[in-house]
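One letter stands for each residue in the lines below.
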2 protein chains.
Amino acid sequence: MDPRCPTRGLLERIGTRWTSMTVKVLAEQAPGELRFAELRRRVPGISQKMLSVTLHALVRDGLASRRVEPTVPPAVHYRLTALGLSLEEPLAALRAWAETHMPQIDRNNRLADRHTPDGPPA
Amino acid sequence: MDPRCPTRGLLERIGTRWTSMTVKVLAEQAPGELRFAELRRRVPGISQKMLSVTLHALVRDGLASRRVEPTVPPAVHYRLTALGLSLEEPLAALRAWAETHMPQIDRNNRLADRHTPDGPPA
């Protein structure tokens, strides 16, 4: 729980929706690899820029590896490393929790927005 | 995986380090409650503003509840709801993964920073 603990920054990176979705899609393909364009198709709504940033972070952390095929134009392939694959289990559990409880949380949000809180701020 | 799926925003909220740390501290106290100032002491490095924002989101999602004791000044207490407590299990698994693999990821980052990537960008 030390504020300088690097685990905190790591949690921030792996907790984002785009990392979670990208790891999920790569895990479905494991041990195979996927090209950038194919990844982008399988993570609907992700921008080219955001997928680039997400993949760069995954490669830098050693969670994914990047292979460049020297064709013209070059084909860039990504796959999860063993470390990246080990992350899919806790991430999948968190996604499953979010999917299971989303309807309840949605209702909670709507209720909270109807009742403006009384009482002083925290 | 639909881009408009609200689960994605939810993942973003519960995946942040501050949410994870705050839920952990409240789970340790469950079924008891904690005052704002005590919470702040137990989540080192969190600012007053960030703790406020984090707690507001937890309450709005129905993951925590807030009780105001009408003293002067008013004492504000927080505790996890059953829903919030159910989130601690997958969050704890993700934190455990991060703590276990942090040294390896740290090494991967240092290695990546020494070797500038060759090949074209993704």
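The text that follows walks through the structure, step by step, so that each part is easy to find. Quick caveat, the model's predicted, so the values are computed rather than measured.

### Focus: the nonpolar core
Here comes step 1: In terms of nonpolar packing, the biggest core is built from 60 residues, with Trp97(A) and Trp97(B) touching the most fellow members.
Here comes step 2: With residues near it in sequence (within four places) discarded, Trp97(B) still touches Leu10(A), Ile14(A), Leu63(A), Leu83(A), Ser86(A), Leu87(A), Pro90(A) and Ile105(B).

### Quick notes on the sheet that holds strand β3 (residues 75–80) of chain B
Residue and element names in this part refer to chain B.
Here comes step 1: Pairing is antiparallel across the open sheet formed by three strands, whose spatial order is β1-β3-β2. Edge positions in the sheet fall to β1 (34–35) and β2 (64–69), since each of these pairs with one other strand and no more.
Here comes step 2: As paired strands, β2 and β3 are joined by six bridges and run antiparallel to one another. Counted as the bridge partner of Ala64 is Leu80 from β3.
Here comes step 3: Strands β2 and β3 of the sheet are contacted by helix α4 (residues 48–60), whose axis makes an angle of about 110 degrees with β2.

### Observations regarding the relation of the copies chain A and chain B
Here comes step 1: Placing chain A over chain B gives an RMSD of 0.0 Å and needs a rotation angle of 180 degrees, together with 0.0 Å of translation along the axis. One copy is carried onto the other by what is essentially a two-fold rotation axis. Judged by C-alpha distance, Gly15(A) is the residue of chain A that lies nearest the rotation axis, at 2.0 Å.
Here comes step 2: Both copies present the same face, since 100% of the interface residues in chain A are matched by interface residues at the equivalent positions in chain B.

Each value, and the rule that gives it
- Residues numbered from 1 in each chain as written.
- Chains lettered and ligands numbered in written order.
- Predicted model: local features only at pLDDT ≥ 70, side-chain atom pairs only at ≥ 80, totals over all residues.
- Heavy atoms only, no water.
- Core = buried A, V, L, I, M, F, W, Y, C linked by side-chain atoms within 4.5 Å.
- Buried < 20%, exposed > 50% of the residue type's maximum accessible area, 1.4 Å probe, protein only.
- Contact = heavy atoms within 4.5 Å.
- Pairing = 2+ DSSP bridges.
- Helix = DSSP H or I, 4+ residues; strand = E, 2+ residues; numbered from the N terminus.
- Axes fitted to C-alpha atoms, helices over the stretch in contact; angles between N-to-C directions.
- Least-squares fit on C-alpha atoms with pLDDT ≥ 70 in both.

Treat this as a map of the structure, not an account of what it does.
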